[in-house]
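Architecture and fold: a report
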Amino acid sequence: MTNNDIIRQLRYTFDYNDDKMMELFASGALEASRAQVCDWLKKEDDDSHVKIEDKELAAFLNGFINEKRGKKEGAQMRPEDRLNNNIILRKLKIALNLQDNDMLDIFDLANMRVSKHELSSFFRNPSQRQYRKCNDQFLRNFLYGLQIKYRDNAKVEDQ
């Protein structure tokens with residue numbers, strides 16, 4: 001998955017408009033213009049598509065954490081220069097205040113079976129023997145499960 005795919009999926013899932021996206025970036029310590037946000041959200045085959053870098057996505061995810069959990073006291077978290085799927089999954093877990101069972105339920109919504117041990121291996125220190133790299137398939141299914149839980153179910157409840 002590309003960083004652009006991730007940001008598009010989160011925007012769709014939580015129904016954020018351009019102003020909200022800019023607000024989330026600003027909350028994560030990155031001033032992003034409407035034009036930048038629009039270019040990041042465009043599909044790869046569009047001529048004005050711009051690849052979102054790890055640091056920019058990290059700023060968005062930090063802003064997402066601030067939005068969902070509230071800003072913490074003191075110095076704000078600096079955006080990481082490098083991201084991987086494990087870090088992204090951790091930031092989503094923190095932002096949405098998810099416990100392991102909540103995450104397993106979200107994977108189930110996407111029809112992906114993940115054991116509790118497998119899930120915990122994604123959050124271990126990379127130097128530990130039990131650490132496991134979170135592949136794109138896991139992150140893609142987790143984002144799809146979030147969509148079902150937070151967007152699709154919300155539409156059903158509104159009707």
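For the structure given in this document, a descriptive report is provided here.

As for the environment of E67
Position of E67 among the secondary structure elements: in helix α4 (residues 54–69). Residue class for E67 comes out partly exposed when judged on its relative accessible area of 35%. For the pair E67 and F138, spaced 71 residues apart in sequence, the C-alpha to C-alpha distance is 24 Å. The residues contacting E67, other than those within four sequence positions of it, are Y16, K20, E23 and L24.

With respect to the nonpolar core
Membership of the largest hydrophobic core comes to 41 residues, with the highest contact counts inside it found for F60, L92 and F142. Elements with a contribution of two residues or more to this core: α1 (3–14), α2 (18–27), α3 (34–41), α4, α5 (85–95), α6 (100–109), α7 (116–122) and α8 (136–158). For this core, the element with the most residues is α4, which contributes six residues.

A word on the packing of α1 against α4
Each pair of packed helices can be described by the angle between their axes along with the distance between the axes. Their axes nearest at 10 Å, the elements α1 and α4 cross at an angle of 25 degrees. One way to sum up the angle between α1 and α4 is to call them roughly parallel. The two elements α1 and α4 meet at a crossing, and its hand is left-handed. Here α1 contributes N3, I6, I7, L10 and F14 to the contact with α4, which in turn contributes D54, L57, F60, L61, F64 and K68. Looking at the contact of α1 with α4 residue by residue, the class counts come to eight nonpolar, one polar and two charged.

Describing the packing of α4 against α5
Relative to each other, α4 and α5 sit at 20 degrees, their axes nearing to 8 Å. One way to sum up the angle between α4 and α5 is to call them roughly parallel. In this structure, α4 meets α5 at a crossing whose hand is left-handed. Across from L57, L61, N62, F64, I65, K68 and R69 in α4, the residues of α5 making contact are I88, K91, L92, I94 and A95. Partitioning the contact of α4 with α5 into residue classes produces eight nonpolar, one polar and three charged.

Details of the pattern of salt bridges
For the coordinates displayed, the defined rule picks out 16 salt bridges. Here R11 and D18 are joined by a salt bridge, their closest N and O atoms 2.8 Å apart. Two residues, E80 and K91, come together in a salt bridge whose shortest N-O distance is 3.2 Å. With E80 in the loop between α4 and α5 and K91 in helix α5, this pair connects stretches of sequence that are 11 residues apart.

Details of α2
Taken together, the buried positions of α2 are D18, K20, M21, L24, F25 and S27. Residues of α2 that are buried make contact with α1, α3 and α4. Backbone nitrogen of D19 and a side-chain oxygen of the N-cap are separated by 3.1 Å at the start of α2; the cap is N17. Just downstream of α2, A29 is the residue with a positive phi angle, here 75 degrees.

Criteria and thresholds
- Residues numbered from 1 in each chain as written.
- Predicted model: local features only at pLDDT ≥ 70, side-chain atom pairs only at ≥ 80, totals over all residues.
- Heavy atoms only, no water.
- Helix = DSSP H or I, 4+ residues; strand = E, 2+ residues; numbered from the N terminus.
- Buried < 20%, exposed > 50% of the residue type's maximum accessible area, 1.4 Å probe, protein only.
- Contact = heavy atoms within 4.5 Å.
- Core = buried A, V, L, I, M, F, W, Y, C linked by side-chain atoms within 4.5 Å.
- Axes fitted to C-alpha atoms, helices over the stretch in contact; angles between N-to-C directions.
- Parallel < 35°, antiparallel > 145°, perpendicular 65-115°, else oblique.
- Left-handed = near helix turned anticlockwise from the far one by under 90°.
- Nonpolar A, V, L, I, M, F, W, Y, C, P; charged D, E, K, R; others polar.
- Salt bridge = Lys/Arg side-chain N within 4 Å of Asp/Glu carboxyl O.
- Polar contact = N/O pair within 3.5 Å; in protein donor to acceptor, adjacent residues only side chain to side chain.

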